[in-house]
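Spelled out, the chains give:
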Amino acid sequence: MEYIVQQVLNALSFGAEYALLALGLAIVFSIMGLVNFAHGEIIAVGGYTMVAFASLAIGNPMIVMAGAVLAAMLASLTLERVAFRPVRKADPTTGLLTAFGVSIVLQNLFLLFVSPRPIAVTSLYFLDWSIEIAGIRLASLQVFETLTTIIVIIALMLFLRRTVLGLAVRAASLDFEMVRLTGIRANRVFAIAFLISGLLAGLACIFIMARRGSVDPHLGFEPVLKAFVACVVGGFGSLPGAVLGGFLLGAVEVAMLVMLPQSLGGMTDAFVFMIVAMILIWRPDGILSPAVEKGDKL
Amino acid sequence: MLTIQDLHVFHGPIEAVHGISLEVEKGKCISLLGPNGAGKTSTISAITGIARSTGLIRFEGRDLSRESVEARIAAGIAVSPEGRRIFSNLTVLENLTLGAALQKDAVEKAKDTDHWFSLFPILAERRDQSAGTLSGGEQQMLAIARALMARPKILLLDEPSLGLAPKIVRQIFDLIADLKARGMTILLVEQNATQALKLADYAYLMSSGRIVAHGTADDLGKSDKLMAELTGVA
């Protein structure tokens, strides 16, 4: 029983992390049609902020976590203002290339001005201990991660449904020009999307750092790749799709880890992506992809 | 109230409207008529700032020609666009809430919502329904109600009868007549000249990006030019 609960929790916490990251990608994509591959570097900014706090001898974990999240939000806003706003009206390919460019520039800045080697961050170890619930021993980090993601999704849902700016973000995913015609400033809608994206990256950063215990310039690459896959599976542009894709990917990963024989242990990702491919054969636009007029192409 | 002088509208390098001038007086319903491709929607897009244009757009004495879309809306211009463009992924109520995005007072916003729901009872019935599930006529009503939620000084209605059944078209025009009777200033863009001229105090006829005739609804209704332009039969 304990084994099953542990694996379910594993799947939930993996999925929660992917869902947080996928939501960050999806909220920007839904408005701009931009896959922000620099999202991983925003996570790294959060990680290096923790290093900076450590070097300033600030060890209070609450300050460290809040600082990392704020830094990620600020980095995301800055990227929107400096890199993405100038190409907002350009072809989607230009936006995609800009995102890759920003990602490479930031990685190289970390390499040149910080360090190419991993730097340990110990201030988050307190998040990870063993807790016992109903006689079953669980890892606290996984419980925190799952709960945080659930709270964030509820808060995001309330924001998107109950506030004018949230409604504008949802509406902009369908018809941005019409949102402007209601008098809402375009720059505010983009800024809020990037701010939320940064917040989600910052929160994910806390859990990634708590698990890894170190930061390097490529910290965000793999998580964002997984988040991208989660978005594709869920349906790019759909926020519920991003959450579903994240949790589904987490569940498939854990299922493969548990079910595959040890001799095939190194092939886990191959099996995961095979299942992803099968899902995409079934639903080529993703499970919850927004309805799109196909016209004569069908 | 709204003065347009020597307006040229561009879509990329293409000039869609070639130096038109028109005037909309407060409390009047002015109609802009013409066949497809005449430049009517381009004119509306230029007034709201969506399309690039040159020339003068003066609203209540203020030159809006160089103002942003958002500033023009804040000045009191609201639009119910061609094709309705309701937010189909939002509910009816959420669409109306967004229409009043610039209204900060929640109590006033709630009052406005109740007011427009009383004028559009079918929308009140479907307030929590996804807007994408509404019929064409209901979507048109929603587009107009969303524009009215902004408490505009002038309402730009772009082809409100487009694609609707004759019975629904009559309902929409009855609604516009009601708004006019309440003192709303309206610039009505239509291909349905018969219905539009019943409502309009003054009308402009556009063809190939130019105003080719204008006058009171009676005068223009009797003009051979109107039928020739709209039907293509000289």
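Residues numbered from 1 in each chain as written. Chains lettered and ligands numbered in written order. Predicted model: local features only at pLDDT ≥ 70, side-chain atom pairs only at ≥ 80, totals over all residues. Heavy atoms only, no water.

Caption draft 1: Structural detail: the sheet that holds strand E9 (residues 202–207) of chain B. All names here are of chain B. Reading across the sheet, the six strands line up as E6-E7-E8-E3-E9-E10 and stay open at both edges, with mixed pairing between neighbours. Where the open sheet ends on each side, the last strands, each with one partner, are strand E6 (77–80) and strand E10 (210–216). Taking each pair of neighbouring strands and ignoring which way they run, the sheet shows an average axis angle of 15°. The pairing of strand E3 (residues 29–33) with strand E8 (residues 185–190) spans five bridges and is classified as parallel. When the sheet's bridge partners are listed, Ser-31 is paired in E8 with Leu-188. Along the sheet, helix H6 (residues 136–148) contacts E6 and strand E7 (154–158); its crossing angle with E6, the most-contacted strand, is approximately 170°. (Pairing = 2+ DSSP bridges. Helix = DSSP H or I, 4+ residues; strand = E, 2+ residues; numbered from the N terminus. Axes fitted to C-alpha atoms, helices over the stretch in contact; angles between N-to-C directions. Contact = heavy atoms within 4.5 Å.)

Caption draft 2: View of the packing of aromatic side chains. Residue and element names in this part refer to chain A. Using the criterion set out here, one finds eleven aromatic pairs over all chains in the structure. Summarising the aromatic geometry, the rings of Phe-29 and Phe-236 are spaced 4.5 Å apart at their centres and angled 50° between planes, so their arrangement reads as tilted. Of this pair, Phe-29 sits in helix H1 (residues 2–32) while Phe-236 sits in the loop between helix H9 (221–234) and helix H10 (239–259), and the two are 207 residues apart along the sequence. On the basis of relative accessibility, which here comes to 19%, the residue Phe-236 falls in the buried class. Between the aromatic rings of Tyr-48 and Phe-110, the centroid separation amounts to 4.8 Å while the plane-to-plane angle is 40°, which identifies the pairing as tilted. (Phe/Tyr/Trp six-rings, centres within 6.5 Å; stacked < 30°, edge-to-face > 60°. Buried < 20%, exposed > 50% of the residue type's maximum accessible area, 1.4 Å probe, protein only.)

Caption draft 3: A look at the environment of Ser-238 of chain A. Residue and element names in this part refer to chain A. Residue position: Ser-238 is located in the loop between H9 and H10. Here Ser-238 falls in the buried class, since its relative accessible area comes to 8%. A sequence separation of 74 residues divides Ser-238 from Val-164, and the C-alpha atoms of the two residues are 19 Å apart. Of note is the side chain of Ser-238, whose polar atom sits 2.8 Å from the backbone nitrogen of Gly-241. (Polar contact = N/O pair within 3.5 Å; in protein donor to acceptor, adjacent residues only side chain to side chain.)

Caption draft 4: The arrangement of the interface of chain B and chain A in detail. The interface of chain B with chain A comprises 20 residues on the first partner and 19 residues on the second. Buried area between chain B and chain A, summed over both chains or domains, comes out near 1900 Å², and the portion from carbon and sulfur atoms is 64%. Taken together, the connections running from chain B to chain A amount to four salt bridges. One salt bridge connects Arg-85 of chain B with Asp-175 of chain A, and the closest N-O pair in it is separated by 2.8 Å. Here chain B is connected to chain A by six residue pairs in polar contact (both at pLDDT 80 or more). Taken together, the residues of the side of chain B that touches chain A break down into eleven nonpolar, four polar and five charged. (Buried area = accessible area lost by both parts, 1.4 Å probe. Salt bridge = Lys/Arg side-chain N within 4 Å of Asp/Glu carboxyl O. Nonpolar A, V, L, I, M, F, W, Y, C, P; charged D, E, K, R; others polar.)

Caption draft 5: Region of interest: the UniProt feature "transmembrane region" (unreviewed entry) in chain A. Residues and elements named next belong to chain A. The feature "transmembrane region" (unreviewed entry), as annotated in UniProt, sits at residues 18–38, 50–75, 95–114, 189–210, 225–252 and 264–282 in this numbering. Annotation note: span residues 50–75, helix share 81%, strand share 0%, distance between end C-alpha atoms 14 Å. Measuring from the first to the last C-alpha atom of residues 225–252 gives 16 Å, for a span that is 86% helix and 0% strand. (UniProt positions renumbered as here; feature names shortened; annotations may be inferred.)

Caption draft 6: Representation of H9 of chain A in the model. Residues and elements named next belong to chain A. The terminal C-alpha atoms of H9, which comprises 14 residues, lie 20 Å apart, in line with the 20 Å expected from a rise of 1.5 Å per residue. Every buried residue of H9 is accounted for by Pro-223, Val-224, Lys-226, Ala-227, Val-229, Ala-230, Cys-231, Val-233 and Gly-234. Packing partners of the buried residues in H9 comprise H1, helix H2 (39–55), helix H8 (186–212), H10 and helix H11 (268–282). Positive backbone phi, at 115°, marks Gly-235, one or two positions downstream of H9. (Expected span 1.5 Å × (residues − 1).)

Caption draft 7: Up close: unusual backbone geometry. Residue Ala-57 of chain A is not a glycine yet carries a positive backbone phi of 60°. Mapped onto the fold, Ala-57 of chain A is located in the loop between H2 and helix H3 (61–84). Even without glycine at this site, Arg-85 of chain B takes up a positive phi of about 50°. Positionally, Arg-85 of chain B belongs in the loop between E6 and helix H3 (92–99). Given a relative accessible area of 25%, Arg-85 of chain B falls into the partly exposed group.

Caption draft 8: Structural context of the packing of H2 of chain A against H3 of chain A. All names here are of chain A. Orientation of H2 relative to H3, taken along the N-to-C sense of each, is 140°, at an axis distance of 8 Å. Judged by the inter-axis angle, H2 sits oblique to H3. Taken as a pair, H2 and H3 cross one another with a handedness that is right-handed. Between H2, through Ile-42, Val-45, Gly-46, Thr-49, Met-50 and Phe-53, and H3, the contact on the second element is made entirely by Ile-63, Val-64, Gly-67, Ala-68, Ala-71, Ala-72, Ala-75, Ser-76 and Leu-79. Broken down by class, the residue content of the contact of H2 with H3 amounts to eleven nonpolar, four polar and no charged. (Parallel < 35°, antiparallel > 145°, perpendicular 65-115°, else oblique. Left-handed = near helix turned anticlockwise from the far one by under 90°.)

Caption draft 9: Examining a nonpolar patch on the surface more closely. Residue and element names in this part refer to chain A. Taken together, the side chains of Tyr-3, Ile-4, Val-8, Leu-12, Leu-257, Val-258 and Met-259 make up a nonpolar region of the molecular surface, amounting to roughly 690 Å² of accessible area. At the level of secondary structure, the elements contributing two or more residues to the nonpolar patch comprise H1 and H10. Considering each element in turn, the nonpolar patch owes the most residues, four residues, to H1. With respect to the secondary-structure elements, Met-259 resides in helix H10. Judged by its relative accessible area of 62%, Met-259 falls in the exposed class. (Patch = residues over 30% accessible without salt bridge, like charges linked within 9 Å, V, L, I, M, F, W, Y side chains within 5 Å. Areas by Shrake-Rupley, 256 points an atom, 1.4 Å probe, with all protein chains shown as cover.)

Caption draft 10: Molecular detail of empty space enclosed by the protein. Scanning all chains against the criterion turns up one cavity of 30 Å³ or more. Taken as a whole, the largest cavity spans an internal volume of roughly 70 Å³. If you trace the largest cavity, you find it lined by Met-178, Leu-181 and Thr-182 of chain A together with Ile-73, Ala-78, Val-79, Gly-99, Arg-146, Ala-147 and Ala-150 of chain B. For the lining of the largest cavity, the residue count by class is seven nonpolar, two polar and one charged. (1 Å grid on protein atoms, 1.4 Å probe; cavity = no way out; pocket = protein on both sides within 12 Å on 5 of 7 lines; lining within 4 Å. Points joined across faces, edges and corners; volume = space filled by probe spheres on them.)

Caption draft 11: Summary view of the layout of surface pockets. Taken as a whole, the second largest pocket holds about 450 Å³ of empty space. Among the residues forming the lining of the second largest pocket, the class breakdown is seven nonpolar, two polar and seven charged.

Caption draft 12: The arrangement of the side chain of Asp-216 of chain A in detail. Residue and element names in this part refer to chain A. When you line up the elements, Asp-216 lands in the loop between strand E4 (214–215) and H9. Since its relative accessible area comes to 13%, Asp-216 is described here as buried. A polar atom in the side chain of Asp-216 sits 2.6 Å from the side chain of Arg-212. A polar atom in the side chain of Asp-216 sits 2.7 Å from the backbone nitrogen of His-218. With residues near it in sequence (within four places) discarded, Asp-216 still touches Tyr-48, Arg-117 and Pro-118.

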